[in-house]
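# Coordinate inspection notes
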Amino acid sequence: MSHLIAPSILAADFANLQKEIEMVNQSEADWFHIDVMDGVFVPNISFGMPVISAIKKHAKKPMDVHLMIVDPDKFIKDFKKAGADILTVHYEVCNHLHRTVQTIKQEGMQAGVSLNPHTPVAVLEDIIADLDMVLIMSVNPGFGGQSFIENTYKKIKQLRELIKKTGSKALIEVDGGVSDQNIEKLVDTGANVLVAGSFVFKSKNPKETIKKLKRL
Ligand code: DX5
Ligand code: ZN
């Protein structure tokens with residue numbers, strides 16, 4: 001399977017959101033990556049259900065919703081209603097992660113779990129078989145445009161081994177500071193899905209940039 005590209009809407013021009021969504025629809029991108037921040041788990045607030053529902057109206061590709069919020073269980077049904085296809089929660093906020101993952105699946109979505117840069121891959125050992133995706137944060141969550149953390153490669157390797165050992169079907173997604181400078185090495189190390197925010201939306205020709213990332 002060749003790698004998937006998920007442009008992060010956080011870096012889009014919100015005043016021209018429909019235009020930005022159409023650009024992604026027409027590009028070689030595979031998914032929409034949608035970052036929800038609550039100002040509690042992370043020191044920033046992004047957007048919530050009304051904006052996600054509005055994106056869904058125009059999006060012709062799967063919606064990969066990354067929740068950077070405390071207590072995600074409260075809102076699983078609402079994110080489904082708003083249009084999420086893949087719902088990712090953070091390991092660091094889930095006391096009953098197994099239950100959370102099962103609920104996401106019962107609601108008919110794919111379930112992902114995200115790890116902060118300081119959280120070891122090994123904590124997923126007893127849940128990996130149930131996951132559709134693991135999102136490795138390659139920056140501290142909260143903002144776009146930060147520099148990529150090099151320790152990510154080690155974590156991808158460890159996760160690849162854990163997936164192999166357990167026979168899990170989980171995809172490995174990497175999020176934060178992804179660009180044409182690191183995407184090849186990330187894919188070679190074992191990443192399946194690459195999120196790119198600033199590198200895509202702040203470039204002169206985002207559609208061409210996506211094409212380039214897809215073909216590297
Ligand atoms: C960061 C978000 C990322 C962000 C990536 O907390 O989870 O998805 O949009 O942005 P870039 O690609 O600019 O690092
Ligand atoms: Zn994200």
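This text follows the structure it describes.
This section reports on the structure supplied with the text. Per chain, residue numbering runs from 1 following the sequence as it is written. In the order they appear in the text, chains get letters beginning with A and ligands get numbers beginning with 1. A pLDDT threshold of at least 70 governs which residues receive local features in this predicted model, and a stricter bar of 80 or more applies before side-chain atom pairs are shown or counted, although totals over entire chains, interfaces and linings include all residues. As a rule here, side-chain values come from all non-hydrogen atoms in the structure, and water together with hydrogens is ignored.

So, on to the pattern of salt bridges. By definition here, a salt bridge exists when the distance from a side-chain nitrogen of Lys or Arg to a carboxyl oxygen of Asp or Glu is within 4 Å. The tally for this structure, following the rule as stated, stands at six salt bridges. Between Glu-28 and Arg-215 there is a salt bridge, with its nearest N and O atoms 2.8 Å apart. Of this pair, Glu-28 sits in the loop between α1 (17–26) and β2 (32–37) while Arg-215 sits in helix α8 (residues 206–215), and the two are 187 residues apart along the sequence. Of the charged contacts in the structure, one is a salt bridge between Lys-214 and Asp-30, with a shortest N-O distance of 2.8 Å. Of the two residues, Lys-214 sits in helix α8 while Asp-30 sits in the loop between α1 and β2, which places them 184 residues apart along the sequence. Comparing Lys-214 with Asp-30 shows no difference in burial state: the two are buried. A run of H or I in DSSP counts as a helix once it spans at least four residues, and a run of E counts as a strand once it spans at least two, with each numbered from the N terminus. Only protein chains enter the accessibility calculation, which uses a 1.4 Å probe; a residue is then buried when its area is under 20% of its type maximum, exposed when over 50%, and partly exposed in between.

A few words now on the coordination of the zinc ion (ligand 2). Looking at the zinc ion (ligand 2), the protein donor atoms are His-33 (NE2), Asp-35 (OD), His-66 (ND1) and Asp-175 (OD), and they sit 2.0 to 2.3 Å from it. Each metal's donors comprise the N, O and S atoms found within 2.8 Å of it (within 3.2 Å for Na, K or Ca). Water is not part of the atom list, so some coordination spheres may appear incomplete. Only four donors with every angle between 85 and 135 degrees are called tetrahedral; only four or six donors with opposite donors over 155 degrees apart and all others between 65 and 115 are called square planar or octahedral, in that order; all others are irregular. The coordination sphere of the zinc ion (ligand 2) comprises six donor atoms, whose angles at the metal cover 70 to 170 degrees; the geometry is octahedral. Here the donor residues for the zinc ion (ligand 2) map to a single chain with the spacing H-x1-D-x30-H-x108-D. Pair noted here: Asp-35 is in strand β2 and His-66 is in strand β3 (residues 63–68), with a separation of 31 residues, a long-range link.

Packed helices, taken two at a time, are described by their axes: the angle between them and the distance between them. Between N-to-C directions, angles cover 0 to 180 degrees, with each direction set by a line fitted to C-alpha atoms, over the stretch in contact for helices. The geometry of α1 relative to helix α2 (residues 49–58) is characterised by a closest axis approach of 9 Å and an angle of 45 degrees between their N-to-C directions. Taken together, the axes of α1 and α2 lie oblique to each other. Judged by the twist between their axes, the crossing of α1 over α2 is right-handed. Of α2, the residues touching α1 (which contributes Leu-17, Gln-18, Ile-21, Glu-22 and Asn-25) are Val-51, Ile-55 and His-58. Orientation is classified from the angle alone, with under 35 degrees giving roughly parallel, over 145 giving roughly antiparallel, 65 to 115 giving roughly perpendicular, and any other angle giving oblique. Here is the rule for handedness: rotate from the far helix to the near one, and if that takes an anticlockwise turn smaller than a right angle the crossing is left-handed, while a clockwise turn gives right-handed. Residues are treated as being in contact if the distance between any of their heavy atoms lies within 4.5 Å.

Considering soluble globular proteins, one finds that nonpolar side chains tend to be buried as a cluster. We call a set of buried Ala, Val, Leu, Ile, Met, Phe, Trp, Tyr and Cys residues a nonpolar core when their side-chain atoms join them within 4.5 Å. With 65 residues, the main nonpolar core has Ile-34, Phe-79, Leu-87, Leu-159 and Leu-186 as its most contacted residues. Of all the elements, helix α5 (residues 152–166) adds the most residues to this core, at five residues. With residues up to four places along the chain from it excluded, the contact list for Ile-34 reads Ile-9, Phe-47, Ile-52, Ile-55, Met-63, Asp-64, Val-65 and His-66. Among the nonpolar cores identified, the runner-up in size contains seven residues, and Ala-6, Trp-31, Met-133 and Val-195 belong to it.

The next thing to look at is the pairing of strand β8 (residues 193–196). Where burial is concerned, the two faces of β8 agree: the one with Val-193 and Val-195 and the one with Leu-194 and Ala-196 are both buried. Bridging between strand β1 (residues 4–7) and β8 involves four bridges; their strand directions are parallel. What sits directly across from Ala-6, in β8, is Val-195. At least two bridges found by DSSP between two strands is the condition for calling them paired. Here strand β7 (residues 171–175) runs beside β8; their pairing, made up of three bridges, is parallel. Each bridged residue has a counterpart across the sheet, and for Asp-175 the counterpart in β8 is Val-195. A crossover gets the label right-handed when its path from the first strand over the helix to the second runs clockwise, viewed with the strands pointing away from the viewer. Regarding the hand of the β-α-β motif, the stretch spanning β7, helix α6 (residues 183–189) and β8 is right-handed.

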